[in-house]
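Analysis of the macromolecular model
Below, each chain spelled out in residue letters.
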There are 4 protein chains.
Amino acid sequence: MRFFSDNAALVHPKVMDAVMAANSVDSAYDGDRWSAQLNLAFSEIFERPVRCLSIATGTAANCIALSAMVRPYQGVICHEEAHIEMDEAGAPGFYTGGAKLLLTKGEGAKLTCDAISAKLSSIRADVHQVQAGALSITNATEYGLVYRANEVPALGQLAREKGLKFHMDGARFANAMASSTCSPADMTWRAGVDALSFGFVKNGGMSAEALIFFNDEMADMATYQRKQAGHLCSKGRFMAAQLLAMIDGDLWLKNARAANDAAAIIAKAASSRLLHPVQANEIFLRLTANEAAKLRHAGFDFYDWGEGGARFVTSWHHDASDVQPLADAIAAL
Amino acid sequence: MRFFSDNAALVHPKVMDAVMAANSVDSAYDGDRWSAQLNLAFSEIFERPVRCLSIATGTAANCIALSAMVRPYQGVICHEEAHIEMDEAGAPGFYTGGAKLLLTKGEGAKLTCDAISAKLSSIRADVHQVQAGALSITNATEYGLVYRANEVPALGQLAREKGLKFHMDGARFANAMASSTCSPADMTWRAGVDALSFGFVKNGGMSAEALIFFNDEMADMATYQRKQAGHLCSKGRFMAAQLLAMIDGDLWLKNARAANDAAAIIAKAASSRLLHPVQANEIFLRLTANEAAKLRHAGFDFYDWGEGGARFVTSWHHDASDVQPLADAIAAL
Amino acid sequence: MRFFSDNAALVHPKVMDAVMAANSVDSAYDGDRWSAQLNLAFSEIFERPVRCLSIATGTAANCIALSAMVRPYQGVICHEEAHIEMDEAGAPGFYTGGAKLLLTKGEGAKLTCDAISAKLSSIRADVHQVQAGALSITNATEYGLVYRANEVPALGQLAREKGLKFHMDGARFANAMASSTCSPADMTWRAGVDALSFGFVKNGGMSAEALIFFNDEMADMATYQRKQAGHLCSKGRFMAAQLLAMIDGDLWLKNARAANDAAAIIAKAASSRLLHPVQANEIFLRLTANEAAKLRHAGFDFYDWGEGGARFVTSWHHDASDVQPLADAIAAL
Amino acid sequence: MRFFSDNAALVHPKVMDAVMAANSVDSAYDGDRWSAQLNLAFSEIFERPVRCLSIATGTAANCIALSAMVRPYQGVICHEEAHIEMDEAGAPGFYTGGAKLLLTKGEGAKLTCDAISAKLSSIRADVHQVQAGALSITNATEYGLVYRANEVPALGQLAREKGLKFHMDGARFANAMASSTCSPADMTWRAGVDALSFGFVKNGGMSAEALIFFNDEMADMATYQRKQAGHLCSKGRFMAAQLLAMIDGDLWLKNARAANDAAAIIAKAASSRLLHPVQANEIFLRLTANEAAKLRHAGFDFYDWGEGGARFVTSWHHDASDVQPLADAIAAL
């Protein structure tokens, strides 16, 4: 059983059905009837008018959002282990024409107002140093932590005070919402977020992420930047259809809950080994090389995480029968 | 019946089946078993080892190729009506960090050695003017013309003599090959082409184009640039599966032949109105506003092309019964 | 006697004296007492508060201005023979991250409202084509023509109506003003110009041009972009001192008048050969290869301008005794 | 007496004389007789043919060099307090189109093979992480340390082994050489350095730095990039003349020795307060706010360096009589 990555997971049958169903002649690019529904469909989720751009990857969604937020001489405050810093091949610098990532520390890859303020105050207010223009957080974080209801508004207020645009990398936004007490609106625009990379591919989608803007000016820029970056697909209907299927009947939430529940079963069994609290669908464990070898020999697939660590990721199609054997195997170590 | 664009066309059932069949757990990005077959599968088509990168759009394929060919201070010679100049929102400039398109004229959007030489000799050989670093042609061209067997090698030799890298935009490469007497190898690397944007989406694919390199150094660069541009899909297997289905049993050629044959029927009926010879799947006609209105009223959909012109594009799923009514309607005008 | 280029001309003694006089210990970059006077000094010339950045080259001044005006996916309307298009090595694309120059035609490298409107109406209003974001004109033009008092306001109004920022390349702004009936204010901000590259090096300066902003937001951006492009000099006082010397007692106008007067003498003698009216300090003549050889043999140095043409440029230090021999030689041909 | 920055220092009289002497009519850009001497003059210093580009600022020299070394998806290994990281407004990212600075630690801003190897081994060898393409060190470092004769060759060998290009930021290269036992050749190309930003402005120059290439291919690229970045001055003779004056009779070394000697006097008096060994012309001291106030009240000007620290920089024109009072005042604290 693979717990390597939710990118390796299956596409949900309803998404596949929607892709099939979209195979009729229609206008090219995003002129089709599916793409035409995106703004309205996501506006319902967020309880206000929003703009939605379908984009093939989270990296592109993040960077198109950031390129609408900062100039080449500005910087983006993010965590030193943020995906945009660690795993996007320098895409933020490429998309923005040179803007820098201004790195902060924080438990479990979470940003705090204190850490951000400290970073800001370490920057001389002159043209020789890169001045912050935006703030980017990941929710759920790269370590599977979820921002609590009061945390994002606090970051949003700080961003507003400091004149920073506010981006949320939501590659696992669904997993975050599934374990959160607040609404998508509370977690985003009501908290001051300007743009959200709303991930679906890790959560049962195939090839479409949603870049959501709560700011029309940025959305206008991003619409051009998406095309200039070659991310406006000529048969956009197959992208839009996936997104519509994922939000129809809250499939995105159901899938995320299933993945989170599966993670909880493993977390319970591994409670003494947890490197981070398990709040979404990622489990980080202390694991010796010998223990790791044992689990792999037993047929479990996962990602080594530095010295003596391991990352397990559950997916929407993992149920108790899939994860219990892993839970037992860990408990038996 | 829509003749607006082959981007509006259907996805071929075999491609859809392949997408379905790819829905099993496998490694992320391009680490899966489908992606692993791409280089070999395309090497057979081109009779030599090639490198294949799956990319969601032709714009990205073109520009990732060009960014591996020129520096920001160089230029790319292309036709003044080339897709990279007219319809890619400035993507070449964005991807290359500022490289310029050096425009030439040519009948039916075809480049000639004379036009290229004239352009080159108009550039002062000093640092104040942008020096050409690459040549990009489109085959079939934006006006549906196909380079003849002897034309591409002549361009390739000129490129070699002038130290220019050579890119071919093959958004409709299949349609070009379907009406050409030479092999894919003769039309590309044997003629000096370094990289080919091999289009599939207009020809029955869904969301995957193939960027083919006949030059390993460029392929290495492009592999990183694809990721940095956010074009490495997290579930790459659904991209690779489409490409493999399209080349299995030469489906790409069969589809292209069908589209070209359909175009020929219309061309025959409209022979007195042709703005360009019809060699692939695009037909450009002289059409008065009144005639255009008549055809639209009769239920035919197409693209106005400037003053008194119209563009019709046929697709792989258009058979005689689809196009004969249009042919008759045009003949009856 | 050299009439090759005003870049080859002497530095005015008063500028040299000012450079010498600036050689005292003071703050670095633009924190010195000379730089501190720039905004006020230029505000007097333009009859309103302006922002002035000293920059080493006209190319950098032009492109830093443009990068504050357009996004990477936008375009800049300019003449097809504009310096930014012909002689800046693609700098506009590099500085803007990919923005395109949208070329128009016009007698003597002058832009007209009709030409601009025609260009704008040729651009489809969709994301596939580069939309204009700015307008850039050169005054005096690359062919030595000067915009008349009513022409720039007309362009400015069109720019405003079309939502275009407005840049003026004033590499020879001094020569333009010296032969114009209107004031610097009328020629620039009152006519809608947002930024002016105010040239001094061709007019008796050594190494400092002035980038003038009539728009604070752009000036703020440019202040950072100048540093990010490596154009904030560590001993800025030697730049500022040159500019202050050039505007002290209207030296810039006196120098420009001297150059224009010298050009007029040549123009009078060559009236039957003029390719363009002579309104500033450049003279474009019809000249056979044989005639050109004769003049060169007589010791006159100039620039060949295409087939059968030649460009002569006069400088601030050319007086009648310098140019009369050339005038006589041309008349004697 | 100002010890704030060597950017605030005087221009050497011989440099001023050379600027005056260059004020004759000559070809524009770098076509003049002074620029024509640069390659040869610097080739003598480095005991081999080199290419020299005059550039107005160190930031531009550094970044033009780096842009010839790395692609947008690569990274440059440097110290976390390197000037390119701390004080260039993100210029490296802008010039390279997005390349990242890969930061390492090291005593006194010096890089070590161990630190570089550790950084390299922390980078996964896949397309998701930025791979190092170049190494950049500063000599003398930002804390005034000088690389010893055996240190640079060791870094150069590591760079070669790892396939990294090697850049040296020599804003204070003269101060480094003045206190080093090895030759300019040993400190640079013989040690594997590909390009050197050879600083002159801090050492008695006015507005010209020298970018030296020991690699022709990079020099060719940089020649175009300098123009595209607007750093090719139209009256280049005034840049070249400064550089020639600085190297004539080893003025650059004499000036640097004078500055270093002045620093040594202060260092001796402040030995108990030194934060770093004093090997060039910068002195970093422990200084309480009260002590700093006392010194300032006594008329000494310097730069606060974090909590309880201060930076003093001596210049070529500081002799014993200038620095002894400061030395005494520090000793008396």
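Here the structure is a predicted model, which is why all the values come from computation and not from measurement.

Here's the deal with the side chain of Ser180 of chain B
One can find Ser180 of chain B in the loop between α8 (173–178) and α9 (184–187). Setting aside chain neighbours within four positions, we find Ser180 of chain B in contact with Val146 and Met187 of chain B.

Points about the sheet that holds strand β5 (residues 165–170) of chain B
Residues and elements named next belong to chain B. Here we have seven strands laid out as an open sheet, ordered β1-β7-β6-β5-β4-β2-β3, and mixed in their pairing. Edge positions in the sheet fall to β1 (51–55) and β3 (100–104), since each of these pairs with one other strand and no more. Strand-to-strand twist across the sheet, computed as the mean angle between neighbouring axes with direction ignored, equals 25°. Of the strand pairs in this sheet, strand β2 (residues 74–79) and β3 are connected by five bridges, and their pairing is parallel. For Val76, the partnering residue across the bridge sits in β3 and is Leu101. Its contacts with the sheet place helix α6 (residues 113–121) against β2, β3 and β4 (131–138), and it is angled at close to 125° to β3. Contacts between helix α11 (residues 237–247) and the sheet are confined to β1 and β7 (209–213), with β1 contributing the most and set at about 115° to the helix.

Points about helix α1 (residues 13–21) of chain D
Three- or four-residue spacings in an α-helix give side chains the same orientation, since the helix completes a turn every 3.6 residues. Listed as buried for α1 of chain D are Val15, Met16, Ala18 and Val19 of chain D. The arc that holds the buried residues of α1 of chain D, viewed along the axis, is 160°, so those residues lie on one side. Summarising the geometry of α1 of chain D, the exposed residues directed more than 90 degrees from the buried face are Asp17 and Ala21 of chain D. Each element contacted by the buried residues of α1 of chain D is listed here: α1 (13–21) and α11 (237–247) of chain C together with α11 (237–247) of chain D.

Describing the environment of Ile55 of chain C
Here Ile55 of chain C lies in strand β1 (residues 51–55). Residues contacting Ile55 of chain C, with those up to four places away along its chain left out, are Ala60, Ala61, Ile64, Ser207, Ala208, Glu209, Leu211, Arg226, His231 and Met239 of chain C.

Looking at the interface of chain B and chain C
Contacts between the two partners involve 18 residues from chain B, matched on the other side by 18 residues from chain C. With both chains or domains summed, chain B and chain C bury close to 1,400 Å², and 40% of this area falls on carbon and sulfur atoms. Of all residues in chain B, Asp87, Ala89 and Lys100 of chain B bury the most surface against chain C, accounting for 29% of the area lost on that side. For the pair chain B and chain C, the number of links is four salt bridges. Between Arg124 of chain B and Asp87 of chain C there is a salt bridge, with the nearest N and O atoms lying 2.9 Å from each other. The tally of links between chain B and chain C comes to 10 residue pairs in polar contact (both at pLDDT 80 or more). Contributing elements (two or more residues each) for the side of chain B that touches chain C: α4 (83–86) and α5 (91–96) of chain B.

Digging into the relation of the copies chain B and chain C
Put simply, the second copy of the chain is the first one after a rotation about an axis and a shift along it. After a rotation of 180° and a shift along the axis of 0.0 Å, chain B superposes on chain C with an RMSD of 0.0 Å. Such a combination of rotation and displacement between the chain copies is what one expects of a two-fold axis. Closest approach to the rotation axis within chain B is made by the C-alpha atom of Gly98 of chain B, at a distance of 2.4 Å. Same-surface contact between copies: 100% of interface residues of chain B are shared with the interface of chain C.

Some thoughts on the domain arrangement of chain A
Often, the extent of an interface is quoted as the loss of accessible area upon association of its parts. All names here are of chain A. What the domain assignment reports for chain A is domain 1 (12–250) and domain 2 (252–331). Using C-alpha coordinates to define each centre, domain 1 is positioned 27 Å away from domain 2. Listed as interface residues are 28 residues of domain 1 and, on the opposing side, 19 residues of domain 2. Counting each side, the surface lost to burial between domain 1 and domain 2 is near 2,000 Å², with a carbon and sulfur contribution of 54%. In this structure, the connection of domain 1 to domain 2 is made through 15 residue pairs in polar contact (both at pLDDT 80 or more). Mapped by element, the contributors of at least two residues to the side of domain 1 that touches domain 2 are α8 (173–178) and α11 (237–247). The element contributing the most residues to the side of domain 1 that touches domain 2 is α8, with five residues. Tallied by class, the residues present in the side of domain 1 that touches domain 2 amount to 15 nonpolar, nine polar and four charged.

A word on the UniProt feature "domain: Aromatic amino acid beta-eliminating lyase/threonine aldolase" (unreviewed entry) in chain A
Taking the UniProt record as the reference, the feature "domain: Aromatic amino acid beta-eliminating lyase/threonine aldolase" (unreviewed entry) is found at residues 3–285 of chain A. A distance of 13 Å separates the end C-alpha atoms of residues 3–285 of chain A, which is 41% helix and 15% strand.

Brief notes about the pattern of salt bridges
Residues and elements named next belong to chain B. Summed over the entire model, instances satisfying the criterion amount to 72 salt bridges over all chains. The salt bridge involving Arg2 is made with Asp301; its shortest N-O contact spans 2.6 Å. With Arg2 in the segment before α1 (13–21) and Asp301 in the loop between α13 (289–297) and β9 (303–304), this pair connects stretches of sequence that are 299 residues apart. The class for Asp301 is buried, based on a relative accessible area of 19%.

A few points about the packing of helix α6 (residues 113–121) of chain A against helix α7 (residues 151–162) of chain A
Residue and element names in this part refer to chain A. Put simply, α6 and α7 touch, their axes get as near as 10 Å, and they point 20° apart. When the axes of α6 and α7 are compared, the pair comes out roughly parallel. Taken as a pair, α6 and α7 cross one another with a handedness that is right-handed. Two secondary-structure elements touch here, α6 through Cys113, Ile116, Ser117 and Leu120 and α7 through Ala154, Leu155, Leu158 and Lys162. Looking at side-chain class alone, the contact of α6 with α7 contains six nonpolar, one polar and one charged residues.

With respect to the relation of the copies chain B and chain A
Superposition of chain B onto chain A requires a rotation of 180° combined with a translation of 0.0 Å along the rotation axis, giving an RMSD of 0.0 Å. Most of the interface of chain B is mirrored in chain A: 100% of its interface residues are interface residues there too.

What about unusual backbone geometry?
Residue Ala140 of chain B is reached from Asn139 of chain B by a cis peptide bond, and omega for that bond is -5°. Mapped onto the fold, Ala140 of chain B is located in the loop between β4 and α7 (151–162). A positive phi angle, close to 55°, is found at Tyr29 of chain A, a residue other than glycine. Here Tyr29 of chain A lies in the loop between α1 (13–21) and α2 (35–46). If you check the backbone angles, Ala89 of chain A has positive phi at about 55° while not being a glycine. In this fold, Ala89 of chain A is placed in the loop between α4 (83–86) and α5 (91–96).

Notes on the packing of aromatic side chains
With the rule as written, the count across this model stands at 72 aromatic pairs over all chains. Ring geometry for Phe198 of chain C versus Trp252 of chain C: centroids 5.1 Å apart, planes at 75°, classification edge-to-face. Separated by 54 residues along the polypeptide, Phe198 of chain C in strand β6 (residues 195–198) and Trp252 of chain C in helix α12 (residues 251–269) bring together distant segments of the chain. Trp252 of chain C matches Phe198 of chain C in its accessibility class, with the two residues each being buried. Connected via pairs of aromatic rings, a cluster forms that spans Phe42, Phe46, Phe173, Phe198, Phe200, Phe214 and Trp252 of chain A. Lying over the aromatic face of Tyr147 of chain B, Lys110 of chain B brings its terminal NZ or CZ to 5.3 Å of the ring centre. Above the ring of Tyr303 of chain D, the side-chain terminus of Arg311 of chain D is found at 5.2 Å from the ring centroid.

Here we look at α6 of chain A
Residue and element names in this part refer to chain A. Within α6, burial applies to Ala115, Ile116 and Leu120. Taken end-on, α6 shows its buried residues confined to a sector of 135°, consistent with a single buried face. Residues of α6 that are exposed and point more than 90 degrees away from the buried face comprise Asp114 and Ser121. Buried positions along α6 lie against β2 (74–79), β3 (100–104), β4 (131–138) and α7.

Parameters at a glance
- Residues numbered from 1 in each chain as written.
- Chains lettered and ligands numbered in written order.
- Predicted model: local features only at pLDDT ≥ 70, side-chain atom pairs only at ≥ 80, totals over all residues.
- Heavy atoms only, no water.
- Helix = DSSP H or I, 4+ residues; strand = E, 2+ residues; numbered from the N terminus.
- Contact = heavy atoms within 4.5 Å.
- Pairing = 2+ DSSP bridges.
- Axes fitted to C-alpha atoms, helices over the stretch in contact; angles between N-to-C directions.
- Buried < 20%, exposed > 50% of the residue type's maximum accessible area, 1.4 Å probe, protein only.
- Arc of directions from axis to C-beta.
- Buried area = accessible area lost by both parts, 1.4 Å probe.
- Salt bridge = Lys/Arg side-chain N within 4 Å of Asp/Glu carboxyl O.
- Polar contact = N/O pair within 3.5 Å; in protein donor to acceptor, adjacent residues only side chain to side chain.
- Least-squares fit on C-alpha atoms with pLDDT ≥ 70 in both.
- Domains from an automatic or database assignment.
- Nonpolar A, V, L, I, M, F, W, Y, C, P; charged D, E, K, R; others polar.
- UniProt positions renumbered as here; feature names shortened; annotations may be inferred.
- Parallel < 35°, antiparallel > 145°, perpendicular 65-115°, else oblique.
- Left-handed = near helix turned anticlockwise from the far one by under 90°.
- Phe/Tyr/Trp six-rings, centres within 6.5 Å; stacked < 30°, edge-to-face > 60°.
- Lys NZ or Arg CZ within 6 Å of the ring centre and 35° of its normal.

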